[in-house]
Amino acid sequence: MKAFIHDIPKAELHIHIEGSLEPELMFEIANRNGLSLPFNSVEEVRRAYEFTNLQSFLDIYYQGLQVLRFEEDFYDLTWAYMKKARAQNVRHTEIFFDPQAHTRRGVSFETVVMGIHDALVDARQQLDVSSKLIMCFLRHLSAEDAMETLRQALPFKNWIIGVGLDSSEVGHPPEKFTQVFEKAREEGFLTVAHAGEEGPADYIWQALKKLKVSRIDHGVRCTEDPKLVEKLVAEQIPLTVCPLSNVKLRVFNSLQEHNLKQLLELGLCVTVNSDDPAYFGGYIEENFLAVQKALNLDQNHIYRLVRNSFQASFLDQREKQNLLAELESFMSKSKQRNLRRDGEGNP
Ligand code: HPA
Ligand code: ZN
């Protein structure tokens, strides 16, 4: 099962690039930028990663990303994640970034997006991993601030497939951003939103109805509303679920109590993702391994989760078919291996 999870081709659809900043790289970038960190060592940073809820994480996340100042920093951050993705057989990834977390510190939108984009182009060529970029608005800031950020993104429209919504959920409902998302859709961006992580099922309804999103990020609280579950199943609206994140931020008390298997068995299009891998104890493979063990998932569950990830991606139809074909070919080889192995065990 371990090898199966490692080897199976997968897509990641919910990863905040700033949340992939490992403490080692944080120190390296801080040093070269002449910045001092409020920590003395990598171990001390890791020890600080004890969270009680989403806000307690966000406070540390916004602190960590302050070392990122120059294009090269964003390049190195993104390149490190793409190498990790390649090593875990991620074939396609859709990456969030938080421009406002940088522009409000005086780092230009252009610096951020150029650094990330260049690394994604190199990863496509050198690692054969494809990607899309999704710009998130910080929902604790105003709708006007989000609108200004959208304006700054327009010259880079060809590099950004969609817009999303992240940061502190409770008290900042999706409807606060109705106009911004309307304008984003007019400009040709696809839309997604974090909803139903800490916030109620009603926030998922709002994201669907008011922001007209194609996917819900997290969405695990949808089960509190059977009518909502019915809609998500009927329309196969994907949920990008992040199991280790949900336990670290105490959305669930333990992985054993996570509703991922229930969601899958209800017929929802659920996917497995890492969210902020440097902070939550693992990348996509570690998420799959942990949840497989905790919920006793079989190979067919894993297969359905990764197939969902390709189907829910923003790839065009041809690229999607190619990756789905790669998955099917992996599965038939894996079945042959299983048959041979079982055969060897018999007289
Ligand atoms: N939730 C909300 N906002 C975020 C997250 C998250 O998990 N990670 C980075 N911004
Ligand atoms: Zn997230």
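Quick notes on the rules
Residues numbered from 1 in each chain as written. Chains lettered and ligands numbered in written order. Predicted model: local features only at pLDDT ≥ 70, side-chain atom pairs only at ≥ 80, totals over all residues. Heavy atoms only, no water. Pairing = 2+ DSSP bridges. Helix = DSSP H or I, 4+ residues; strand = E, 2+ residues; numbered from the N terminus. Axes fitted to C-alpha atoms, helices over the stretch in contact; angles between N-to-C directions. Contact = heavy atoms within 4.5 Å. Phe/Tyr/Trp six-rings, centres within 6.5 Å; stacked < 30°, edge-to-face > 60°. Buried < 20%, exposed > 50% of the residue type's maximum accessible area, 1.4 Å probe, protein only. Disulfide = S-S within 2.5 Å. Near = heavy atom within 4 Å. Polar contact = N/O pair within 3.5 Å; in protein donor to acceptor, adjacent residues only side chain to side chain. Areas by Shrake-Rupley, 256 points an atom, 1.4 Å probe, with all protein chains shown as cover. Nonpolar A, V, L, I, M, F, W, Y, C, P; charged D, E, K, R; others polar. Donors = N, O, S within 2.8 Å, 3.2 Å for Na, K, Ca; no water. Tetrahedral: all angles 85-135°; square planar, octahedral: opposite > 155°, others 65-115°. Salt bridge = Lys/Arg side-chain N within 4 Å of Asp/Glu carboxyl O.

Draft legend 1. Focus on the sheet that holds strand 1 (residues 10–16). Strand order in the open sheet made by the 8 strands is 1-2-3-4-5-6-7-8, with parallel pairing throughout. Of all strands in the sheet, those with a lone pairing partner are strand 1 and strand 8 (270–272), marking the two edges. Shown here is a sheet whose adjacent strand axes are inclined to one another by a mean of 25°, direction ignored. Sheet analysis places strand 7 (residues 239–241) next to strand 8, joined by 3 bridges and oriented parallel. Each residue of the ladder has a partner; that of T240, found in strand 8, is T271. Taken strand by strand, helix 15 (residues 284–295) contacts strand 1, strand 2 (90–97) and strand 8, and its axis lies near 105° from that of strand 1.

Draft legend 2. Main features of the packing of aromatic side chains. Under the counting rule described, the total for this entry stands at 15 aromatic pairs. Here the aromatic rings of F57 and F280 are separated by 4.7 Å at their centres, their planes lie at 50°, and the arrangement is tilted. Taken together, the residues F57 in helix 4 (residues 54–64) and F280 in helix 14 (residues 277–280) connect sequence positions 223 residues apart. Exposure class is identical for F57 and F280. Each is buried. Where F156 meets W159, the ring centres are 6.0 Å apart and the plane angle is 40°; that geometry is what we call tilted.

Draft legend 3. Structural context of the state of the cysteines. Counted under the stated rule, the structure contains 0 disulfides. The thiol of C136 is not disulfide-bonded; the next cysteine sulfur, from C242, is found 12 Å away. Free of any disulfide, C269 has its nearest cysteine sulfur in C222, 12 Å distant.

Draft legend 4. Seen up close, the site of ligand 1. Lining the immediate environment of ligand 1, one finds H16, L54, F57, L58, Y61, D166, S167, H194, E197, H218, D275 and D276. D275 places a polar side-chain atom, nitrogen or oxygen, 2.7 Å from an oxygen atom of ligand 1. Coverage of ligand 1 by the protein chains reaches 100% of its 260 Å² of free accessible surface. Ranked by the residues each element gives to the shell around ligand 1, the list is headed by helix 4, at 4 residues. For the shell around ligand 1, the residue count by class is 4 nonpolar, 4 polar and 4 charged.

Draft legend 5. Summary view of the pairing of strand 1. In terms of burial, strand 1 is a largely internal element, 7 of the 7 residues being buried. Across 5 bridges, the pairing between strand 1 and strand 2 is parallel. Bridge pairing in strand 2 links E12 to T93.

Draft legend 6. Summary view of the side chain of E94. Turning to its location among the elements, E94 is positioned in strand 2. There is a polar contact of 2.9 Å between the side chain of E94 and the side chain of R215. Reaching out from E94, the side chain makes a polar contact with the backbone nitrogen of F314 at a distance of 2.7 Å. If near-sequence neighbours (up to four positions away) are discounted, E94 is found in contact with E12, L13, H14, I15, K132, I134, R215, S313, F314 and L315.

Draft legend 7. The coordination of the zinc ion (ligand 2), seen in detail. Surrounding the zinc ion (ligand 2) are the protein donor atoms H14 (NE2), H16 (NE2), H194 (NE2) and D275 (OD), at 2.0 to 2.2 Å. Here the zinc ion (ligand 2) binds 4 donor atoms, and the angle range of 81 to 172° at the metal identifies the geometry as irregular. In primary sequence terms, the donor set of the zinc ion (ligand 2) follows H-x1-H-x177-H-x80-D. Here H16 is found in strand 1, whereas its partner H194 is found in strand 5 (residues 190–195), with 178 residues between them in sequence. Judged on exposure class, the residue H16 and its partner H194 are both buried.

Draft legend 8. Examining the pattern of salt bridges more closely. Per the stated rule, a full pass over the model turns up 16 salt bridges. Note that R151 and E148 form a salt bridge whose closest N and O atoms lie 2.8 Å from each other. Separated by 3 residues within a single helix, R151 and E148 lie in helix 8 (residues 143–153), roughly one turn from each other. When its relative accessible area of 31% is taken as the criterion, E148 is described as partly exposed. Among the ionic pairs, E187 bridges to K183, the shortest N-O distance being 2.9 Å.

Draft legend 9. Quick peek at unusual backbone geometry. Of note in the backbone geometry, K212 takes a positive phi value of approximately 50° without being a glycine. Position of K212 relative to the elements: it lies in the loop between helix 10 (201–209) and strand 6 (215–218). In the Ramachandran plot, D275 falls in the positive-phi region, its phi being about 70° despite a non-glycine side chain. Checked against the element boundaries, D275 lands in the loop between strand 8 and helix 14.

Draft legend 10. Molecular detail of the environment of H14. Topologically, H14 is positioned in strand 1. Spatially, the C-alpha atom of H14 lies 13 Å from that of G162, the residues being 148 residues apart in sequence. Residues contacting H14, with those up to four places away along its chain left out, are E94, F96, H194, D217, H218, T240, C242, N273, S274 and D275. Only 2.9 Å separates the side chain of H14 from the side chain of T240, close enough to count as a polar contact.

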